[in-house]
Amino acid sequence: MAKMANSLRDFDRLAEENSKKARIFFQMGSYEEALAAYWEAEKAWKKMADILFEKGKEDRGKEFCEKAQEARSFCGMSLFKLERYQEALDIIDSFLEIKPDSPIEWSNRGFVLSALGRNEEALESFEKALSLDPGSPKILTSKGIVYAKMGLPEKALETFDRALETEPRQASDWACKLPRFSFFSRNKAPIMRPDNAETWYWKGNVFLELGEKEKALEACKMALESDPDHLNSLLAGGDLLCEFSEYGEAFKCYVHALKLSPRNEAAMKGKEFCEMKING
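Calculation rules
Residues numbered from 1 in each chain as written. Predicted model: local features only at pLDDT ≥ 70, side-chain atom pairs only at ≥ 80, totals over all residues. Heavy atoms only, no water. Helix = DSSP H or I, 4+ residues; strand = E, 2+ residues; numbered from the N terminus. Buried < 20%, exposed > 50% of the residue type's maximum accessible area, 1.4 Å probe, protein only. Contact = heavy atoms within 4.5 Å. Expected span 1.5 Å × (residues − 1). 1 Å grid on protein atoms, 1.4 Å probe; cavity = no way out; pocket = protein on both sides within 12 Å on 5 of 7 lines; lining within 4 Å. Points joined across faces, edges and corners; volume = space filled by probe spheres on them. Nonpolar A, V, L, I, M, F, W, Y, C, P; charged D, E, K, R; others polar. Phe/Tyr/Trp six-rings, centres within 6.5 Å; stacked < 30°, edge-to-face > 60°. Core = buried A, V, L, I, M, F, W, Y, C linked by side-chain atoms within 4.5 Å. UniProt positions renumbered as here; feature names shortened; annotations may be inferred. Axes fitted to C-alpha atoms, helices over the stretch in contact; angles between N-to-C directions. Parallel < 35°, antiparallel > 145°, perpendicular 65-115°, else oblique. Left-handed = near helix turned anticlockwise from the far one by under 90°. Salt bridge = Lys/Arg side-chain N within 4 Å of Asp/Glu carboxyl O.

K.L.:
So what's going on with the environment of Leu-96? Which residues, and what values?
P.N.:
Checked against the element boundaries, Leu-96 lands in helix H4 (residues 85–98). The buried category is assigned to Leu-96, whose relative accessible area is 7%. It is 7.7 Å that separates the C-alpha atoms of Leu-96 and Trp-106, two residues lying ten residues apart in sequence. Filtering out sequence-adjacent residues up to four positions away, Leu-96 remains in contact with Ser-102, Glu-105, Trp-106 and Arg-109.

K.L.:
Give me the lowdown on helix H2 (residues 31–54), citing residues and values where you can.
P.N.:
Helix length check: H2, at 24 residues, gives a terminal C-alpha distance of 34 Å against a target of 34 Å (1.5 Å per residue), a fit within 8%. Trailing H2 by a residue or two, Gly-56 shows a phi angle of about 80 degrees, which is positive.

K.L.:
Can you tell me about the layout of surface pockets, naming the residues and giving the values?
P.N.:
When its volume is computed, the second largest pocket comes out at roughly 730 Å³. Forming the walls of the second largest pocket are 25 residues, and the residues nearest its centre are Phe-26, Phe-74, Met-77, Ile-104 and Asn-108. Secondary structure elements with two or more residues in the lining of the second largest pocket: helix H1 (2–28), helix H3 (58–81), H4 and helix H5 (103–115). At ten residues, the largest contribution of residues to the lining of the second largest pocket is made by H3. Residue composition of the lining of the second largest pocket, by class: eleven nonpolar, seven polar and seven charged.

K.L.:
For the packing of aromatic side chains, give the residues involved together with the corresponding values.
P.N.:
A ring pair, where both rings are aromatic, is described by two values, the distance of the centres and the angle of the planes. With the rule as written, the count across this model stands at seven aromatic pairs. Between the aromatic rings of Tyr-38 and Phe-74, the centroid separation amounts to 5.2 Å while the plane-to-plane angle is 15 degrees, which identifies the pairing as stacked. Here Tyr-38 is found in helix H2, whereas its partner Phe-74 is found in helix H3, with 36 residues between them in sequence. On the basis of relative accessible area, Phe-74 is assigned to the partly exposed category, the value being 29%. The interplanar angle of 55 degrees and the centroid separation of 5.6 Å between the aromatic rings of Phe-80 and Tyr-85 together place this pair among those described as tilted. A relative accessible area of 25% means that Phe-80 is categorised as partly exposed. What links up through ring pairs into an aromatic cluster is the set Phe-80, Tyr-85, Phe-111 and Phe-126.

K.L.:
Describe the nonpolar core, with residues and values.
P.N.:
By size, the foremost hydrophobic cluster in this structure holds 52 residues, and its most contacted members are Phe-160, Cys-242, Ala-250 and Tyr-254. For this core, the element with the most residues is helix H12 (residues 247–260), which contributes six residues. Look past the residues within four positions of Phe-160 in its chain and what remains in contact with it is Thr-141, Gly-144, Ile-145, Thr-199, Trp-202, Lys-203 and Val-206. By size, the runner-up hydrophobic cluster in this structure holds twelve residues, among which are Leu-8, Ala-44, Trp-45 and Ala-71.

K.L.:
How would you sum up the UniProt feature "repeat: TPR" (unreviewed entry) in the protein chain? Please name residues and give values.
P.N.:
If you check UniProt for "repeat: TPR" (unreviewed entry), the listed places come out as residues 69–102, 103–136, 137–170, 197–230 and 231–264 in our numbering. Secondary structure over residues 103–136 splits into 79% helix and 0% strand, and the C-alpha atoms at its two ends are 10 Å apart.

K.L.:
Please give an account of the packing of H4 against H5 that cites residues and values.
P.N.:
Where H4 meets H5, the axes come as close as 10 Å, and the angle between the chain directions of the two elements is 155 degrees. It follows from the interaxial angle that H4 and H5 lie roughly antiparallel. Judged by the sense of rotation from one axis to the other, the crossing of H4 with H5 is left-handed. Of the residues in H5, those touching H4 at Tyr-85, Ala-88, Leu-89, Ile-92, Asp-93, Phe-95 and Leu-96 are Glu-105, Trp-106, Asn-108, Arg-109, Val-112, Leu-113 and Ala-115. For the contact of H4 with H5, a count of residues per class yields ten nonpolar, one polar and three charged.

K.L.:
Mind laying out the pattern of salt bridges, listing which residues take part and the relevant values?
P.N.:
Evaluation of the coordinates by the stated rule reveals 15 salt bridges. A salt bridge links Arg-118 to Glu-121; the shortest N-O distance between them is 2.9 Å.

K.L.:
Outline empty space enclosed by the protein, listing residues and values.
P.N.:
Empty space among the atoms can be located by rolling a probe the size of a water molecule over them. Counted according to the given criterion, the structure contains one cavity of 30 Å³ or more. Taken as a whole, the largest cavity encloses approximately 30 Å³ of empty space. Together, Tyr-201, Gly-204, Asn-205, Leu-208, Ala-216, Cys-220, Ala-236 and Leu-240 line the largest cavity. Elements supplying a minimum of two residues to the lining of the largest cavity: helix H9 (197–209), helix H10 (213–226) and helix H11 (231–243).

This is the structure in structure tokens:
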């Protein structure tokens, strides 16, 4: 019994260490390393579950089986980031066979299908996710992005508006942030607000596709009021400000973008362009 307990502790420690490393690698963008570490965590927790099932400890076995499944789900996310979409889809589908009522996995399935160019199926997955988690702003935004990719701007804008009107119900929907500084911010009060920058950013993209540049710029402003560090909105906002000859404000966007991503080529070129225009 003591030997089994020691083995379980060793496996659990190994799994936790690998899971922690994987999260750090993922945040750093080192997706190959994250994938390898998540696989090791999954194997260790699965081994623990098998040992406990053999000993008749069903409840504890299920606990570690769920941890193994969660690690496997993160493997799918890593594969997605590595653009190994079919492998990611296989993992998601296997997860949904076990937990068919997971809105997160149905949403992840939508992401992968869209990346594979299977947008109609992606919409079906997002609809399924919304049936399980109605009104989720993150899922609505994802669905709107698919409409945008399909060349359906009206449906995309309608879906983004629904997302922006939806109040977050939990931290996993929208993480509330404290605005620190925004080049576009008119409200300097330190108030808490939902992070809906991604929704505004994509709404701006749709306006840009429609040739409505002023509305696109306003959407970038709203995105950066929500999250001053939203890199894509800084770049898009800088480009649009240049088109309106507001080179000073555009310069600030590019400088801040370079603080977030020092080797970003678009930000470097934008900054140089603004310097040339400002210095005449």
